[in-house]
2 protein chains.
Amino acid sequence: MPHTEKKLAGETVYSGKILRLERDQVLLENGHQTVREVVRHNGAVCIVAVDEKDNLLLVRQYRYPYAQEILELPAGKRDGDETPETCGRRELEEETACTAAHFEKIGALYTTPAFCDETIHIFYAWGLGPSSQHLDDDEFLTVEKVPFAQAVKMVLAGEIPDAKTQTGILLAHQLREGGRFPKQS
Amino acid sequence: MPHTEKKLAGETVYSGKILRLERDQVLLENGHQTVREVVRHNGAVCIVAVDEKDNLLLVRQYRYPYAQEILELPAGKRDGDETPETCGRRELEEETACTAAHFEKIGALYTTPAFCDETIHIFYAWGLGPSSQHLDDDEFLTVEKVPFAQAVKMVLAGEIPDAKTQTGILLAHQLREGGRFPKQS
């Protein structure tokens, strides 16, 4: 028997800039009821982009919830019904001032399935060309290049806290080792 | 110059069962102001546990935000100020009915640093022994065992959507390949 839950009623508790919070009454598989709190989010894209010297492009930015600067893959929210690839190419260009000749989807992830419906699509990009940076009004970040092999070591050493960045780097590493992508050098 | 933001004022928009939503007015580094929406969460732990045949223990459960059943690492929220290890051992036992002779932290991740402060600690466990399952009142799940090598393939094939599960499996795989942990077989 598959596990399932059924929505009985729901209310929108908050509707804001980047998320909407819903509070639903649901019927459980044992016939009891409970409340599920769900953060609704439009989804996002992150990009594992490597240059001609096999450097990975990372962005350093302040993350208010953790009150600290961290290193992450370039990433951003999907605008409306924008496709993941269009969003990814736009965010790569806006944040790192790069276009990419090759742009392939390598995965997707659910950030926090217990209480949020966000999906982040992960792309691998190479064949980078120059463009210009265009940050959002409330976005401040610095691009940092790290040799791809070093980025893998940083993940293993616990120096990259962000989930999408850990997953994206390790996933790309496995696919590169398996021969799916060239290692630029 | 490090990037930073300063809280000017804040309100709690919602305080619920598993999360609290705050809406803060913040000062940006260019002197302008913006609003940051932050989901405050007590943090969680997930466990990469392998048995004596090198099977990985996964749990299949319905995730209401995505309206689907998915496979995940055993995991759960920290109760109050419970340590990550105590939480991890408790969740492993409650969800999979297993104790572990060896329980080592291999990483941690920030789930969604743009709008949430949740940290998930990741442990690797082996030397499993039997106990009994104790699920929460609103928790329904089925334990599934998958050979560890197959779990890695499932991540690469996009069959494991959950972020902590992808990261935990790939991280453990790299550490096992590097000789940090024995491969049970």
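Read on for a plain summary of the structure. (Residues numbered from 1 in each chain as written. Chains lettered and ligands numbered in written order. Predicted model: local features only at pLDDT ≥ 70, side-chain atom pairs only at ≥ 80, totals over all residues. Heavy atoms only, no water.)

A few points about the relation of the copies chain B and chain A
For the match of chain B to chain A, the screw axis carries a shift of 0.0 Å, the RMSD comes to 0.0 Å, and the turn is 180°. In symmetry terms, the pair is related by a two-fold rotation axis. When the interface residues of chain B are mapped onto chain A, 99% of them are again interface residues, pointing to one common binding face. (Least-squares fit on C-alpha atoms with pLDDT ≥ 70 in both. Contact = heavy atoms within 4.5 Å.)

Thoughts on the sheet that holds strand E9 (residues 119–130) of chain B
All names here are of chain B. With respect to topology, four strands assemble into an open sheet ordered E7-E4-E9-E8, the strand pairing being mixed. Of all strands in the sheet, those with a lone pairing partner are strand E7 (75–77) and strand E8 (98–110), marking the two edges. Across this sheet, the average inter-strand angle for adjacent strands is 25°, counted without regard to direction. Note that E8 and E9 share eleven bridges and pair antiparallel. Across the sheet, the residue bridging to histidine 102 is tryptophan 126, located in E9. The strands that helix H3 (residues 163–177) touches are strand E4 (44–49), E7, E8 and E9; relative to E8, the one it contacts most, it runs at about 110°. (Pairing = 2+ DSSP bridges. Helix = DSSP H or I, 4+ residues; strand = E, 2+ residues; numbered from the N terminus. Axes fitted to C-alpha atoms, helices over the stretch in contact; angles between N-to-C directions.)

Digging into the sheet that holds strand E3 (residues 33–40) of chain B
All names here are of chain B. Taken in spatial order, the three strands make up an open sheet running E1-E2-E3, and their pairing is antiparallel. Since the sheet does not close on itself, it has two edges, and those belong to strand E1 (6–15) and E3, each with one partner. With strand direction ignored, the average angle separating the axes of adjacent strands in the sheet is 20°. Bridge count between strand E2 (residues 20–27) and E3: eight bridges; the pairing is antiparallel. Pairing of arginine 20 across the sheet is with arginine 40, part of E3.

A word on the nonpolar core
Ranked by internal contacts, the top residues of the largest apolar core, which has 58 residues, are Val48, Leu56 and Ile106 of chain A together with Val48, Leu56 and Ile106 of chain B. Residues within four places of valine 48 of chain B in sequence aside, it is in contact with Leu56, Leu73, Ile106, Ile122, Phe123, Tyr124, Ala125, Phe148, Gly168, Ile169 and Ala172 of chain B. Counting residues in hydrophobic clusters, the runner-up holds twelve residues, among them Leu21, Phe115 and Cys116 of chain A together with Phe115 of chain B. (Core = buried A, V, L, I, M, F, W, Y, C linked by side-chain atoms within 4.5 Å. Buried < 20%, exposed > 50% of the residue type's maximum accessible area, 1.4 Å probe, protein only.)

Structural notes on the side chain of glutamate 82 of chain B
Residue and element names in this part refer to chain B. Structurally, the position occupied by glutamate 82 is in the loop between E7 and helix H1 (84–96). A polar side-chain atom of glutamate 82 sits 2.7 Å from a polar atom in the side chain of arginine 90. Other than its neighbours up to four places away in sequence, glutamate 82 contacts Lys77, Cys87 and Arg90. (Polar contact = N/O pair within 3.5 Å; in protein donor to acceptor, adjacent residues only side chain to side chain.)

Remarks on the environment of leucine 58 of chain A
Structurally, the position occupied by leucine 58 of chain A is in strand E5 (residues 55–63). A relative accessible area of 0% means that leucine 58 of chain A is categorised as buried.

Thoughts on the interface of chain B and chain A
Contact residues are listed per partner, giving 67 residues for chain B and 66 residues for chain A. Between chain B and chain A the total buried area reaches about 6,200 Å² when both faces are included, carbon and sulfur atoms providing 61% of it. Put simply, chain B and chain A have two salt bridges between them. Across the pair aspartate 138 of chain A and arginine 36 of chain B runs a salt bridge whose closest N-O atoms are separated by 3.2 Å. Our count for the contact surface shared by chain B and chain A stands at 37 residue pairs in polar contact (both at pLDDT 80 or more). It is H3 of chain B that provides the largest number of residues to the side of chain B that touches chain A, a total of nine residues. Residue composition of the side of chain B that touches chain A, grouped by class: 32 nonpolar, 16 polar and 19 charged. (Buried area = accessible area lost by both parts, 1.4 Å probe. Salt bridge = Lys/Arg side-chain N within 4 Å of Asp/Glu carboxyl O. Nonpolar A, V, L, I, M, F, W, Y, C, P; charged D, E, K, R; others polar.)

Comments concerning H1 of chain B
Counting along an α-helix, one turn takes 3.6 residues, and residues three or four places apart therefore face a common direction. All names here are of chain B. The terminal C-alpha atoms of H1, which comprises 13 residues, lie 17 Å apart, in line with the 18 Å expected from a rise of 1.5 Å per residue. Lining the buried residues of H1 we find E4, strand E5 (55–63), E7, E8, E9 and strand E10 (141–147). In the segment just after H1, alanine 97 is the residue with positive phi, at about 65°. (Expected span 1.5 Å × (residues − 1).)

Quick word on the side chain of lysine 164 of chain B
Its place among the elements puts lysine 164 of chain B in helix H3. A residue is classified by how much of its surface remains accessible, and lysine 164 of chain B, at 7% relative accessible area, is buried. A distance of 2.8 Å separates polar atoms of two side chains, one belonging to lysine 164 of chain B and the other to aspartate 162 of chain B. In contact with lysine 164 of chain B, not counting residues within four places along its chain, are Pro113 of chain A together with Cys46, Glu72, Leu73, Ala75, Leu109 and Ile120 of chain B.

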